[in-house]
Amino acid sequence: MWLSLILLIFAIASYYIYGTYFKEYFEVKKVYNTLQNVLDTRDVLLLKLTGEKISKKTIANIVMLIDKRKETKNSGYTVRMKADVELSNSLKDFYPKISKVLNNDLSKEIFKRIIELEKQAKKIRISYNNAVERYNNNLILHKKVCMRIIHMKPLDTYKI
């Protein structure tokens, strides 16, 4: 009887602590992992299009930025975010060039899929920004526990 009561109190306290301090962190992590999966898929499809008739300098730059993003996989959120922004800015110039030289149906379908993934990534980045704002607000609200005891740190958002 006492053991059941103690376990029940422990479960309620754990749920309260999770909901108060950790819920936003795990939401940020989930959205971030979803974003990284979408971006990894986009990168693989981009590498399939590098055989098209585009200057080698442009392709080398895109491949270098993709490799840089892969190298930062185990780095913090901010470092990986900067690599992603750099690649996305470079791709804004790359997409019009590649859309002009696509000559077979497979390449065109891959490019359409890349554009769909870019739209998904844009929506997920907005969700990530919202989740990070809630997380940072939670840190401010519970700064004694979150920042001093648990050592959580504020996160950066994507610049819109």
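Residues numbered from 1 in each chain as written. Predicted model: local features only at pLDDT ≥ 70, side-chain atom pairs only at ≥ 80, totals over all residues. Heavy atoms only, no water.

Comments concerning the pattern of salt bridges
A side chain of one charge can pair with a side chain of the opposite charge when the charged atoms of the two come close.
So, point 1. One pass over the full model with this rule turns up ten salt bridges.
So, point 2. In this structure, the salt-bridge partner of Lys68 is Glu86, at a minimum N-O distance of 2.7 Å. With Lys68 in helix α2 (residues 56–71) and Glu86 in helix α3 (residues 77–101), this residue pair connects regions lying 18 residues apart in the sequence.
So, point 3. A relative accessible area of 36% means that Lys68 is categorised as partly exposed.
So, point 4. Residue classification places Glu86 among the partly exposed residues on the basis of a relative accessible area of 34%.
So, point 5. A salt bridge links Arg113 to Glu116; the shortest N-O distance between them is 3.5 Å. In this pair, Arg113 and Glu116 are both assigned in helix α4 (residues 105–141), three residues apart and thus about one turn of the helix distant.
So, point 6. Residue classification places Arg113 among the partly exposed positions, given a relative accessible area of 36%. (Salt bridge = Lys/Arg side-chain N within 4 Å of Asp/Glu carboxyl O. Helix = DSSP H or I, 4+ residues; strand = E, 2+ residues; numbered from the N terminus. Buried < 20%, exposed > 50% of the residue type's maximum accessible area, 1.4 Å probe, protein only.)

Quick look at the packing of aromatic side chains
For any pair of aromatic rings, geometry is given as the distance between the ring centres together with the angle between the planes.
So, point 1. The final tally for this structure, using the stated rule, is five aromatic pairs.
So, point 2. Geometrically, the ring pair formed by Tyr32 and Tyr128 is tilted, given 5.8 Å between the ring centres and 45 degrees between the ring planes. Remark: Tyr128 occurs in helix α4 and Tyr32 occurs in helix α1 (residues 2–49); sequence separation between them is 96 residues.
So, point 3. When its relative accessible area of 8% is taken as the criterion, Tyr32 is described as buried. (Phe/Tyr/Trp six-rings, centres within 6.5 Å; stacked < 30°, edge-to-face > 60°.)

Comments concerning the environment of Ala13
So, point 1. With respect to the secondary-structure elements, Ala13 resides in helix α1.
So, point 2. As for Ala13 and Thr34, which are separated by 21 residues in sequence, their C-alpha atoms are 30 Å apart.

Some details on the side chain of Gln36
So, point 1. Tracing the chain through its elements places Gln36 in helix α1.
So, point 2. Among the polar contacts listed, one links the side chain of Gln36 to the side chain of Arg80, at a separation of 3.1 Å.
So, point 3. Dropping the residues within four chain positions of it, Gln36 is found in contact with Arg69 and Arg80. (Polar contact = N/O pair within 3.5 Å; in protein donor to acceptor, adjacent residues only side chain to side chain. Contact = heavy atoms within 4.5 Å.)

Observations concerning the packing of α1 against α4
So, point 1. Contact geometry for α1 and α4: axes closest at 8 Å, N-to-C directions at 160 degrees. The orientation of α1 relative to α4 falls into the category roughly antiparallel. As α1 packs across α4, the resulting crossing turns out to be left-handed.
So, point 2. For the contact of α1 with α4, the class distribution of residues is 21 nonpolar, seven polar and eight charged. (Axes fitted to C-alpha atoms, helices over the stretch in contact; angles between N-to-C directions. Parallel < 35°, antiparallel > 145°, perpendicular 65-115°, else oblique. Left-handed = near helix turned anticlockwise from the far one by under 90°. Nonpolar A, V, L, I, M, F, W, Y, C, P; charged D, E, K, R; others polar.)

Concerning the packing of α2 against α3
So, point 1. Their axes nearest at 9 Å, the elements α2 and α3 cross at an angle of 155 degrees. Taken together, the axis directions place α2 and α3 in an arrangement best described as roughly antiparallel. For the pair α2 and α3, the crossing hand works out as left-handed. Judged by residue contacts, Thr58, Asn61, Ile62, Leu65, Ile66, Lys68 and Arg69 of α2 engage Arg80, Ala83, Asp84, Glu86, Leu87, Ser90, Leu91, Phe94 and Lys97 from α3.
So, point 2. The residue inventory of the contact of α2 with α3, partitioned by class, reads seven nonpolar, three polar and six charged.

Some remarks on the nonpolar core
So, point 1. Core analysis: the largest hydrophobic core is formed by 36 residues, its most contacted members being Phe94 and Tyr128.
So, point 2. Secondary structure elements with two or more residues in this core: α1, α2, α3 and α4.
So, point 3. Among the elements that take part in this core, α4 stands out by supplying eleven residues, more than any other.
So, point 4. If sequence neighbours within four positions are ignored, Tyr128 has contacts with Val28, Val31, Tyr32, Tyr77, Met81, Asp156 and Tyr158. (Core = buried A, V, L, I, M, F, W, Y, C linked by side-chain atoms within 4.5 Å.)

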